Amino acid sequence: MRPFGLLAPAGLIAVSVLLVGPSGARADEIGPAQAQALQQQLRDWVAGLLGPSAKLPEPPWQVSAEKDHFVIAWPIPGLTVPAGKPEVTANARPLDGGRWSVDQLTVPAAGSFTVPMPQDEPPLSAQFGIARQDTHGVIDPSFASASKLHSELSDVSVKSEGARQKQEQRFDRYLTDISLTPAQDGRLDLAMEGTVDGWNSASQINGGKPVAVGIRTIHAVGRISGVNRDRVASLLAAAGGAMGALPPDLANKHEKTDLPPAVRAQARLAVESLQDMLSSVRLEETLDGVQAEMAGLGSLSIKRVMMGMGGEATDGRLHAWIDLALDELASPSLPPKVAAYLPRHVAIKPSLSGVQTADLRKLALDATEQGASDDRFASDLAAIFSHGGIELGLETLSFDLGGARIGGTGKITVTAPDAWHGVAHLEAIGFDDLTAQARTSPELQSALPLLVMLRGLAKQDGERLVWEVASDGTSTTVNGLDLSKLGGGDKPKTRPPATRKPDQPSSR
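Notes on the structure follow. Here the structure is a predicted model, which means the values were calculated and not measured.

What counts and how
- Residues numbered from 1 in each chain as written.
- Predicted model: local features only at pLDDT ≥ 70, side-chain atom pairs only at ≥ 80, totals over all residues.
- Heavy atoms only, no water.
- Helix = DSSP H or I, 4+ residues; strand = E, 2+ residues; numbered from the N terminus.
- Buried < 20%, exposed > 50% of the residue type's maximum accessible area, 1.4 Å probe, protein only.
- Contact = heavy atoms within 4.5 Å.
- Areas by Shrake-Rupley, 256 points an atom, 1.4 Å probe, with all protein chains shown as cover.
- Axes fitted to C-alpha atoms, helices over the stretch in contact; angles between N-to-C directions.
- Parallel < 35°, antiparallel > 145°, perpendicular 65-115°, else oblique.
- Left-handed = near helix turned anticlockwise from the far one by under 90°.
- Nonpolar A, V, L, I, M, F, W, Y, C, P; charged D, E, K, R; others polar.
- Arc of directions from axis to C-beta.
- Expected span 1.5 Å × (residues − 1).
- Salt bridge = Lys/Arg side-chain N within 4 Å of Asp/Glu carboxyl O.
- Patch = residues over 30% accessible without salt bridge, like charges linked within 9 Å, V, L, I, M, F, W, Y side chains within 5 Å.
- Pairing = 2+ DSSP bridges.

### Structural notes on the overall build of the protein chain
Now for step 1: When helices and strands are counted, the protein chain shows nine helices and 21 strands.
Now for step 2: For the protein chain, the residues scored as buried account for 34% of the 508 residues in total.
Now for step 3: For the protein chain, contacts bridging at least 24 residues in sequence account for 56% of all contacts bridging at least 6.
Now for step 4: Element-wise, carbon and sulfur atoms account for 58% of the exposed surface of the protein chain, whose accessible area totals about 28800 Å².

### As for the packing of helix α8 (residues 431-440) against helix α9 (residues 448-457)
Now for step 1: Interhelical geometry of α8 versus α9 gives an angle of 150° and a closest axis separation of 10 Å. As judged from the angle between their axes, α8 and α9 are roughly antiparallel. Both α8 and α9 take part in a crossing whose hand is left-handed. Judged by residue contacts, Phe431, Asp432, Leu434, Thr435, Ala438 and Arg439 of α8 engage Leu448, Leu451, Val452, Leu454 and Arg455 from α9.
Now for step 2: Residue composition of the contact of α8 with α9, grouped by class: seven nonpolar, one polar and three charged.

### A word on α8
Now for step 1: Along α8, the residues classified as buried are Phe431, Leu434, Thr435 and Ala438. Around the axis of α8, the buried residues are gathered within 100° of arc, so they sit on the same side. When the buried face of α8 is taken as reference, the exposed residues oriented beyond 90 degrees from it are Asp433, Arg439 and Thr440.
Now for step 2: Where α8 is buried, its residues contact β15 (390-401), β16 (404-416), β17 (419-429), α9 and β19 (464-471).

### Concerning unusual backbone geometry
Now for step 1: Of note in this structure, Asp315 is not a glycine but carries a positive phi near 55°.
Now for step 2: Looking at the secondary structure, you find Asp315 in the loop between β12 (298-314) and β13 (317-330).
Now for step 3: Look at Asp315 and you get exposed, because its relative accessible area is 74%.
Now for step 4: Although it is not a glycine, Glu328 sits at a positive phi angle of roughly 55°.
Now for step 5: With respect to the element layout, Glu328 can be found in strand β13.

### Concerning the environment of Pro32
Now for step 1: Residue position: Pro32 is located in helix α2 (residues 32-50).
Now for step 2: Separated by 38 residues in sequence, Pro32 and Phe70 place their C-alpha atoms 9.5 Å apart.

### A word on helix α4 (residues 261-274)
Now for step 1: The terminal C-alpha atoms of α4, which comprises 14 residues, lie 20 Å apart, in line with the 20 Å expected from a rise of 1.5 Å per residue.
Now for step 2: Taken together, the buried positions of α4 are occupied by Val263, Arg264, Gln266, Ala270, Val271 and Ser273.
Now for step 3: Asp276 sits one or two positions beyond α4 and adopts a positive phi of about 60°.

### What about the pattern of salt bridges?
Where side chains of opposite charge bring their charged atoms close, a pairing between them can arise.
Now for step 1: One pass over the structure, following the stated rule, counts 24 salt bridges.
Now for step 2: Between Arg93 and Asp68 there is a salt bridge, with the nearest N and O atoms lying 3.6 Å from each other. Taken together, the residues Arg93 in strand β3 (residues 87-94) and Asp68 in the loop between β1 (62-66) and β2 (69-75) connect sequence positions 25 residues apart.
Now for step 3: Lys349 is the partner of Glu395 in a salt bridge, and the nearest nitrogen-oxygen pair spans 3.5 Å. One end of the pair, Glu395, is in strand β15; the other, Lys349, is in strand β14 (residues 345-356), and 46 residues separate them in sequence.
Now for step 4: You can call Glu395 partly exposed: its relative accessible area is 33%.
Now for step 5: Each of Lys362, Asp366, Glu369, Arg376 and Asp380 takes part in a single network of salt bridges with overlapping partners.

### As for a nonpolar patch on the surface
Now for step 1: Nonpolar side chains collect at one region of the surface, where Met309, Ile322, Leu324 and Ile348 lie side by side and expose about 330 Å² of accessible area between them.
Now for step 2: Positionally, Leu324 belongs in strand β13.
Now for step 3: For Leu324, a relative accessible area of 38% puts it in the partly exposed group.

### A word on the side chain of Ser160
Now for step 1: In this fold, Ser160 is placed in strand β7 (residues 147-161).
Now for step 2: Owing to a relative accessible area of 15%, Ser160 belongs among the buried residues under this scheme.
Now for step 3: Residue contacts for Ser160: discarding those within four places in its chain leaves Leu124, Ser125, Ala126, Gln165, Lys166 and Gln167.

### Here we look at the pairing of β3
Now for step 1: Note that β2 and β3 share six bridges and pair antiparallel. Paired with Ile72 across the strands is Ala90, a residue of β3.
Now for step 2: With five bridges connecting them, β3 and strand β4 (residues 100-106) associate as antiparallel partners. Residue pairing for β4: Arg93 is matched across the bridge by Ser101.
Now for step 3: Counted along the chain from β3 to the antiparallel partner β4, the turn is five residues long, and its residue Gly97 has a positive phi close to 70°.

What follows is the structure in structure tokens.
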């Protein structure tokens, strides 16, 4: 269970409840009539987001008046609870300036439900329990001031069991904060932060060996900058329109079928709404104190794991990346001589840049157009490469192995589907010691030929070894040495020249 995964129940309902509200309502005006008006406003708000094509059922929520606040109840279909009703509830109070306060937003403290499984498998049954919960916030529907939501859960357990798997999860404390802040030009910045303490999981799949995982702390942060509310509303409206236009028997059709024109039209509107929807996205999750054990096989530990991703489109040009790192990997189950070669640090950050978002939009629009030709797709693809090429980068690469520290950077520029050129810079400290270890260590014997070859290609720079690599797809050089010429030597003179392959070096 991840921090952002738990945001869905509370966050969705809080946003649904608090983004609208009777402007100017006062505590002394709260009564049945105002509760009915608020319920209709919520329905109108959802209808406005999803558009007129969406087929809306009767609203699942119920709004009632309670002294100085409204009580909003949202039933949860398929949930069975030991006491009370299977619903999410929240208290909403109008504040000055058109703002709304929400408190006591709670989900059932315990319950059970089933999850359908594919291929005619029996459904998966699940039970959960929450000892303590506290979710509250303040929302400004006009977006003139910041809106915030805070949620804290304690002593949470989730247990699931099916025909192929069973799992039990527990965590001591879950804390999350979400804020929506006004930015320039009427845009919004969304910030999220979540922490889980004491997460433990035990699972078994297909009757295999049980696996136990424990994590001391999980910390996640996310930021979405420059959110365009109009574009988001257009995307939701297009999604609602597409769902409403889908034929009811589409899921029962196993043969290949084209999408109905109405669905295609909504898909094109969705593509259009993605343009200028936001400025950048950054997400990062850090796991501290990871312990894992598989029965009969052993255990491992990692001091820290970091996973991140992000993207931005400055001046209409896309830049996206993935960031991965781990520190102090260890396994007491391995022989000490083998465990000594586990990396203590690994970091890698690949990236993609150089793609014009307008070109991606044109390709997506043509892909959703009825009867679009292959020639048009080929033209769209060529346009993507026409601005200097797509750049695949390696912004960070570092790891250690047996005392040697290795790092580097690189990039490949793809100028056409079949044409590219790339460069990389690699360097190592302690490489000679690693090679010496490989000569006497059985654990590294298989790597010795590769280590010897790399050492022969390296350039000495103080205590470092350096490899400057360049390639254009037809040849690769390392520190200026063309690898295609290695091992060429003299060829038998009786061999007819005509049999030489085009990429084979001459016999001279």
